[in-house]
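# Analysis of the macromolecular model
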Amino acid sequence: MELATNTKSIHARDVEGGTHPKSGDGIVDDVVEVDFSKRAQWLRAAVLGANDGLLSIASLMMGVGAVRNDAKTMVLTGIAGLFGGACSMAIGELVSVYSQYDIELSQMKRVGWTGTAGAEEMDEMERKLPSPWQAAGASALAFAAGAIVPLLAAVFIKDHKVRLWAVVAAASAALVGFGWLSAKLGKAPVVKSSIRVLIGGWAAMAITFGFTFTSL
């Protein structure tokens, strides 16, 4: 019992003195794990948003390219889709995260009313709440980052068929990259995930192109 008491006293002095327990104590490991978990969630959401922007704009441009040969129409359509999609993603994320924010804030207030948490603990909990505006901005930027890939592939190419194939090639390379990164973050099989994302992207572009082409 005396040894346990002394151990606790030493640990308390270490904390007050600014030193940290070693990794084997289990405390630092837990903190690092939580931080990396939150970071992985943000990165995975960013990858999914970029993949959404890439596939949406590439498919949209392929659909327009099926009926119009000029680069200007194809690129302007892609730019309009970029801004529309980014705004849509931002607003959707803002509403979703604000709903989560309100729910967690109400729960915090209930905890405060019951007196089970102190003032400092409540302040710490409030600082950890998700930021709706930050989430909205990150979602819009991720969508735009993915959407810019097919636009850059098409904007400088005059030949119609070459432009279409350039969009497909650029989108395919980016899809493989996003699939690889998403698999790494989710600890899933890399090859299988990349192939699945690539085939899904090809299917979306082919369906959009074919549907528009046959509607003439």
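Conventions we followed
Residue positions are counted from 1 within each chain, in the order its sequence is given. With the structure being a predicted model, the display of local features is reserved for residues of pLDDT at least 70 and the display and counting of side-chain atom pairs for 80 or more, all residues being used for whole-chain, interface and lining totals. To get the side-chain values, take all heavy atoms of the structure and skip hydrogens and water. UniProt positions are given in the numbering used here, feature names are shortened, and annotations may be inferred rather than shown by experiment. Each helix corresponds to a stretch of at least 4 residues labelled H or I by DSSP, and each strand to a stretch of at least 2 residues labelled E; elements are numbered beginning at the N terminus. A pair of aromatic rings is counted whenever rings of Phe, Tyr or Trp (Trp by its six-membered ring) have centres within 6.5 Å, and the orientation is called stacked for planes under 30 degrees apart, edge-to-face for over 60 and tilted otherwise. Each residue is placed in one exposure class: buried if its accessible area under a 1.4 Å probe, protein chains only, is under 20% of its type's maximum, exposed if it is over 50%, and partly exposed if it falls in between. Think of a polar contact as two N or O atoms within 3.5 Å of one another; within protein, one of them needs to be a possible hydrogen donor and the other a possible acceptor, and neighboring residues in sequence only count if both atoms come from side chains. Any two residues whose heavy atoms approach within 4.5 Å at even a single point are treated as in contact. A carboxyl oxygen of Asp or Glu within 4 Å of a side-chain nitrogen of Lys or Arg is what we treat as a salt bridge. For every residue, the predictor reports its confidence as pLDDT, a number between 0 and 100. Patches in this entry comprise residues that are over 30% relatively accessible and not in a salt bridge; like charges within 9 Å are linked, as are nonpolar side chains (Val, Leu, Ile, Met, Phe, Trp, Tyr) within 5 Å. Working definition of accessibility: Shrake-Rupley area with a 1.4 Å probe, residue cover restricted to the visible protein chains. For helices, the axis comes from a line fit to the C-alpha atoms of the stretch in contact; other axes are also lines fit to C-alpha atoms, and the angle between any two N-to-C directions lies between 0 and 180 degrees. Each crossing is labelled by how the near helix is turned from the far one, with a counterclockwise turn of less than a right angle marking it left-handed and a clockwise turn marking it right-handed. The classification used treats Ala, Val, Leu, Ile, Met, Phe, Trp, Tyr, Cys and Pro as nonpolar, Asp, Glu, Lys and Arg as charged, and all other residues, Gly among them, as polar. Take the buried residues of types Ala, Val, Leu, Ile, Met, Phe, Trp, Tyr and Cys, join any two whose side-chain atoms come within 4.5 Å, and each joined set is a nonpolar core.

## Here we look at the UniProt feature "transmembrane region" (unreviewed entry) in the chain
As recorded in UniProt, the sites labelled "transmembrane region" (unreviewed entry) are residues 42-67, 74-98, 135-157, 164-183 and 195-214. Summarising residues 135-157: 87% helix, 0% strand, and an end-to-end C-alpha distance of 35 Å.

## Structural notes on the packing of aromatic side chains
For the structure shown, the criterion picks out one aromatic pair. Arranged with centres 6.1 Å apart and planes meeting at 5°, the rings of Phe-209 and Phe-213 form a pair that is stacked. Of this pair, Phe-209 and Phe-213 are both found in helix H7 (residues 190-214), four residues apart, which corresponds to roughly one turn of the helix. Residue classification places Phe-209 among the partly exposed residues on the basis of a relative accessible area of 27%.

## Overview of the side chain of Ser-172
Looking at the element boundaries, Ser-172 is found in helix H6 (residues 160-186). Relative accessible area serves as the criterion here: at 12%, Ser-172 is assigned to the buried category. Among the polar contacts listed, one links the side chain of Ser-172 to the side chain of Trp-202, at a separation of 2.8 Å. Setting aside anything within four residues of it in sequence, one finds Ser-172 in contact with Leu-198 and Trp-202.

## Focus on the pattern of salt bridges
Applying the stated criterion across every chain yields a total of one salt bridge. Among the salt bridges present, the one from Arg-68 reaches Asp-70, with a minimum N-O distance of 3.5 Å. On the basis of relative accessibility, which here comes to 29%, the residue Asp-70 falls in the partly exposed class.

## Re the confidence of the model for the chain
Looking at the chain as a whole, its pLDDT mean stands at 79, while 75% of the residues score no less than 70. Here residues 1-36 is modelled with pLDDT under 50, and outside its nearest four sequence neighbours on either side it reaches six contacts, counting other chains as well.

## Details of a nonpolar patch on the surface
Side chains of Ile-148, Leu-152, Val-155 and Phe-156 sit close together on the surface and give an oily, nonpolar patch of about 410 Å² of accessible area. Within the secondary structure layout, Phe-156 lies in the loop between helix H5 (132-154) and H6. You can call Phe-156 exposed: its relative accessible area is 72%.

## Some thoughts on the packing of H5 against H6
Their axes nearest at 8 Å, the elements H5 and H6 cross at an angle of 145°. In this structure, H5 meets H6 at a crossing whose hand is right-handed. Counted together, Val-149, Pro-150, Ala-153 and Ala-154 of H5 and Arg-163, Ala-166, Val-167, Ala-170 and Ala-174 of H6 form the full contact between these two elements. Looking at the contact of H5 with H6 residue by residue, the class counts come to eight nonpolar, no polar and one charged.

## Here we look at the nonpolar core
Membership of the largest hydrophobic core comes to 29 residues, with the highest contact counts inside it found for Leu-54, Ile-57, Met-61, Met-62, Leu-151, Val-167 and Phe-178. Among the secondary structure elements, those contributing two or more residues to this core are helix H2 (27-65), helix H3 (71-114), H5, H6 and H7. Of all the elements, H2 adds the most residues to this core, at eight residues. What Leu-54 contacts, discounting residues up to four positions off in sequence, is Gly-146, Ala-147, Val-149, Pro-150, Ala-171, Ala-174, Leu-175 and Phe-178.

## Quick look at the packing of H6 against H7
Between two packed helices, the angle of one axis relative to the other and the distance separating the axes together describe the packing. Here H6 crosses H7 at 145°, and the two axes come no closer than 8 Å. Handedness of the H6/H7 crossing: right-handed. Taking contact as the criterion, the partners of Leu-164, Ala-171, Ser-172, Leu-175, Val-176, Gly-179, Trp-180, Ala-183 and Lys-184 in H6 are, on H7, Val-190, Ser-193, Ser-194, Val-197, Leu-198, Gly-201, Trp-202, Met-205 and Phe-209. Residues that form the contact of H6 with H7 fall into these classes: 12 nonpolar, five polar and one charged.

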